[in-house]
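# Fold and geometry: a report
Letter by letter, the chains look like this.
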Protein chains: 2
Amino acid sequence: MQSFTEENYLKVIYHLAEKTETVQTNAIAEQIQTKPASVTDMIKKLADKGLVDYVKYQGVSLTEKGKSAAIDIVRKHRLWEVFLVDKLNFKWDEVHDVAEELEHIKSIDLIERLDEFLGFPKADPHGDPIPDKHGRFAKTQFIKLIDLKVGDSGTITGVSQHSSAFLKHLEKLGLTLGKQIHINDVTDFDGSVEILSSEKQINISREVAKHILISSNGKI
Amino acid sequence: MQSFTEENYLKVIYHLAEKTETVQTNAIAEQIQTKPASVTDMIKKLADKGLVDYVKYQGVSLTEKGKSAAIDIVRKHRLWEVFLVDKLNFKWDEVHDVAEELEHIKSIDLIERLDEFLGFPKADPHGDPIPDKHGRFAKTQFIKLIDLKVGDSGTITGVSQHSSAFLKHLEKLGLTLGKQIHINDVTDFDGSVEILSSEKQINISREVAKHILISSNGKI
DNA sequence: TAAAATTTTTAGATTTACCTAAAAAATTAA
DNA sequence: TTAATTTTTTAGGTAAATCTAAAAATTTTA
Ligand SMILES: [Mn+2]
Ligand SMILES: [Mn+2]
Ligand SMILES: [Mn+2]
Ligand SMILES: [Mn+2]
């Protein structure tokens, strides 16, 4: 069994490993909001427990055991987010911090029953996939909105930025999960994107377009 | 804001104070499963924070601030227990340990929304009253089953022992919350009680009878 | 490839919540 | 009302998770 703190390290390493094979001390420190020296200490501890592979100065990666522990925490986090949105009527920008706490509750029974209560959801309120109880989940193939071409269309199925500010902004623009969009134009001047959604013309900045994930249904 | 550990101390002191005005160091140690020396340390800390009144060698009591913090934790504990039983189909003997963890989740919003989702319940699965958001709740006037006389009858509305073994035993006897009971006889030999419930004759030991709480409707 | 910059680790402290052992105070019994 | 017992506190220490400052390794730049 891992401590609250160890679990947070595992989860952060797991997410960082989605970008780079081996994860750097400084990157972990930034995510955990702690100092690199503290990260080194904890990495050693996790290595002793067989949860990460670690070579001094070379970065860390999760072992199978560590990865499975991390996925378990991700599963809990996302299921709790679904609970908060579907059952307690939280907005999608309000759930992350509470889920950060709830994900550490230790009870296998609890999470299996919660999963059932929620109807075995496949994705959380931000479109992220929810691993099943064996840690299995489909690797979703999303395209960033920014990478679509003029004339392409698709459905918003995820976001790659979970900050409240960003999510509130999308909400205001009406760009929520499940919405159909069509690329009308890309502005030469600033790279901003003109899209059509729910029969409305919306202009979004490059920065916003980068973090909207689309399951494309190709050209109309 | 209190730490997880401080919250546990406050809650334990609150419950112990229901029996004795001022709470002893050893009593706290036993509940928290720790050593008296550790309790003394923590009591000093709580006193510094203005959560308890403490005179060396004289025991502790909660200040208004401490009491309100304790009631807040009790509220959370009991609401989560209702959630586990009503929504996730846990049995009444399975919820306590999970609720011990859930009660420490920090989010005012979460607990208010949970309360609403559950329909503002007034009592938890063991019949214990749930304080409202201002910490107010009716002091329930229960009578112990053991204190009833032959010929009395009433409704089971609570238990004063929350161990899984005890609750499972009651379940098996069919003595759950809301059940009507009638005292048929008290055995001279061992003080065991003959009761009538759901048209069945049941014999319960003194020990069991001590921990069943009845809202009496007097003699039939 | 040597110097500079960056990243990572070590060394030594700190804080929180514990512990054991021994001293002190309070309570109970003789 | 002493003596014995019990309760509580103090003193001194430990483990987990932090920190700062400085040293060491690696990477980048010139
Ligand atoms: Mn989240
Ligand atoms: Mn999410
Ligand atoms: Mn309980
Ligand atoms: Mn209860």
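Residues numbered from 1 in each chain as written. Chains lettered and ligands numbered in written order. Predicted model: local features only at pLDDT ≥ 70, side-chain atom pairs only at ≥ 80, totals over all residues. Heavy atoms only, no water.

Turning next to the domain arrangement of chain A. Under the domain assignment used here, chain A contains domain 1 (4-62) and domain 2 (143-216). A straight line from the C-alpha centre of domain 1 of chain A to that of domain 2 of chain A covers 33 Å. (Domains from an automatic or database assignment.)

Applying the stated rule across the entire model yields seven aromatic pairs over all chains. Relative to Trp 80 of chain B, the ring of Trp 80 of chain A has its centre 6.2 Å away and its plane inclined at 85 degrees; by these criteria the two rings are edge-to-face. Of the two residues, Trp 80 of chain A is situated in helix 4 (residues 64-86) and Trp 80 of chain B in helix 4 (residues 64-87); the pairing between them involves two chains. For the pair Trp 80 of chain A and Trp 80 of chain B, a shared accessibility class is recorded, and that class is buried. Every member of this aromatic cluster is reached through a ring pair, and the members are Trp 80, Phe 83 and Phe 117 of chain A together with Trp 80, Phe 83 and Phe 117 of chain B. We note Lys 87 of chain A situated over the ring of Phe 117 of chain A; from NZ or CZ to the ring centre the distance is 4.6 Å. (Phe/Tyr/Trp six-rings, centres within 6.5 Å; stacked < 30°, edge-to-face > 60°. Helix = DSSP H or I, 4+ residues; strand = E, 2+ residues; numbered from the N terminus. Buried < 20%, exposed > 50% of the residue type's maximum accessible area, 1.4 Å probe, protein only. Lys NZ or Arg CZ within 6 Å of the ring centre and 35° of its normal.)

Attention now moves to the coordination of the manganese ion (ligand 1). Residues and elements named next belong to chain A. Protein coordination of the manganese ion (ligand 1) is provided by His 77 (NE2), Glu 81 (OE) and His 96 (ND1), with donor distances spanning 2.0 to 2.2 Å. All donors of the manganese ion (ligand 1) come from a single chain, and their spacing in sequence reads H-x3-E-x14-H. A separation of 3.5 Å is found between the manganese ion (ligand 1) and the manganese ion (ligand 2), which share Glu 81 as a coordinating residue. Of this pair, Glu 81 sits in helix 4 while His 96 sits in helix 5 (residues 96-102), placing them 15 residues apart in sequence. Residue His 96 is classed as partly exposed on the basis of its relative accessible area, which comes to 28%. (Donors = N, O, S within 2.8 Å, 3.2 Å for Na, K, Ca; no water.)

Moving on, we get to the protein's contact with DNA strand D. Taken together, 21 residues sit near DNA strand D, with Thr 34 and Lys 45 of chain A together with Lys 44, Tyr 54 and Lys 56 of chain B positioned nearest. Note that a phosphate oxygen of DNA strand D is positioned 2.5 Å from one of the side-chain N or O atoms of Ser 38 of chain A. Elements supplying a minimum of two residues to the surface near DNA strand D: helix 1 (4-16) and helix 3 (36-48) of chain A together with helix 2 (25-32) and helix 3 (36-48) of chain B. The dominant element in the surface near DNA strand D, judged by the number of residues it contributes, is helix 3 of chain A, at five residues. Taken together, the residues that form the surface near DNA strand D break down as eight nonpolar, eight polar and five charged. (Near = heavy atom within 4 Å. Polar contact = N/O pair within 3.5 Å; in protein donor to acceptor, adjacent residues only side chain to side chain. Nonpolar A, V, L, I, M, F, W, Y, C, P; charged D, E, K, R; others polar.)

Time to look at the relation of the copies chain B and chain A. Note on the identical chains: chain B maps onto chain A by a rotation of 180 degrees and an axial translation of 0.0 Å, with an RMSD of 0.0 Å. Expressed as a symmetry operation, the mapping of one chain copy onto the other fits a two-fold axis. Closest approach to the rotation axis within chain B is made by the C-alpha atom of Leu 102 of chain B, at a distance of 3.8 Å. Of the interface residues in chain B, 100% have counterparts in chain A that sit at the interface too, so the contact is made through matching surfaces. (Least-squares fit on C-alpha atoms with pLDDT ≥ 70 in both. Contact = heavy atoms within 4.5 Å.)

Around DNA strand C there are 21 residues in total, and Lys 44 and Tyr 54 of chain A together with Thr 34, Ser 38 and Lys 45 of chain B lie nearest to it. Counted by atom, the contact set of DNA strand C within 4 Å of the protein is 79% sugar and phosphate. The contact in question runs from a phosphate oxygen of DNA strand C to an N or O atom on the side chain of Lys 44 of chain A, over 2.4 Å. Contact distances for DNA strand C include 2.5 Å between a phosphate oxygen and a side-chain N or O atom of Ser 38 of chain B. Taken together, the elements giving at least two residues each to the surface near DNA strand C come down to helix 2 (25-32) and helix 3 of chain A together with helix 1 (4-16) and helix 3 of chain B. Among the elements that make up the surface near DNA strand C, the one with the highest residue count is helix 3 of chain B (five residues). Each residue belonging to the surface near DNA strand C can be placed in one class, and the counts come to eight nonpolar, eight polar and five charged.

Moving on, we come to the side chain of Glu 6 of chain B. All names here are of chain B. In this fold, Glu 6 is placed in helix 1. Judged by its relative accessible area of 1%, Glu 6 falls in the buried class. Of the polar contacts made by the side chain of Glu 6, one reaches the backbone nitrogen of Ser 3; its length is 2.9 Å. Among the polar contacts listed, one links the side chain of Glu 6 to the side chain of Lys 49, at a separation of 3.0 Å. With sequence-adjacent residues up to four places away left out, Glu 6 is seen in contact with Met 1, Met 42, Lys 45, Leu 46 and Lys 49.

Here the focus is helix 3 of chain B. Since one α-helical turn is 3.6 residues long, residues separated by three or four positions face the same way. Residues and elements named next belong to chain B. With 13 residues, helix 3 ought to run about 18 Å at 1.5 Å a step, and its terminal C-alpha atoms sit 18 Å apart, in line with that. Every buried residue of helix 3 is accounted for by Val 39, Met 42, Ile 43 and Leu 46. Across the axial projection of helix 3, the buried residues extend over an arc of 110 degrees, all falling on one side. Among the exposed residues of helix 3, those pointing more than 90 degrees away from its buried face are Ala 37, Asp 41 and Asp 48. Looking at the packing, one finds that the buried side of helix 3 touches helix 1, helix 2, strand 1 (52-54) and strand 2 (60-62). Directly beyond the C-terminal end of helix 3, a positive phi value near 75 degrees is found at Gly 50. (Expected span 1.5 Å × (residues − 1). Arc of directions from axis to C-beta.)

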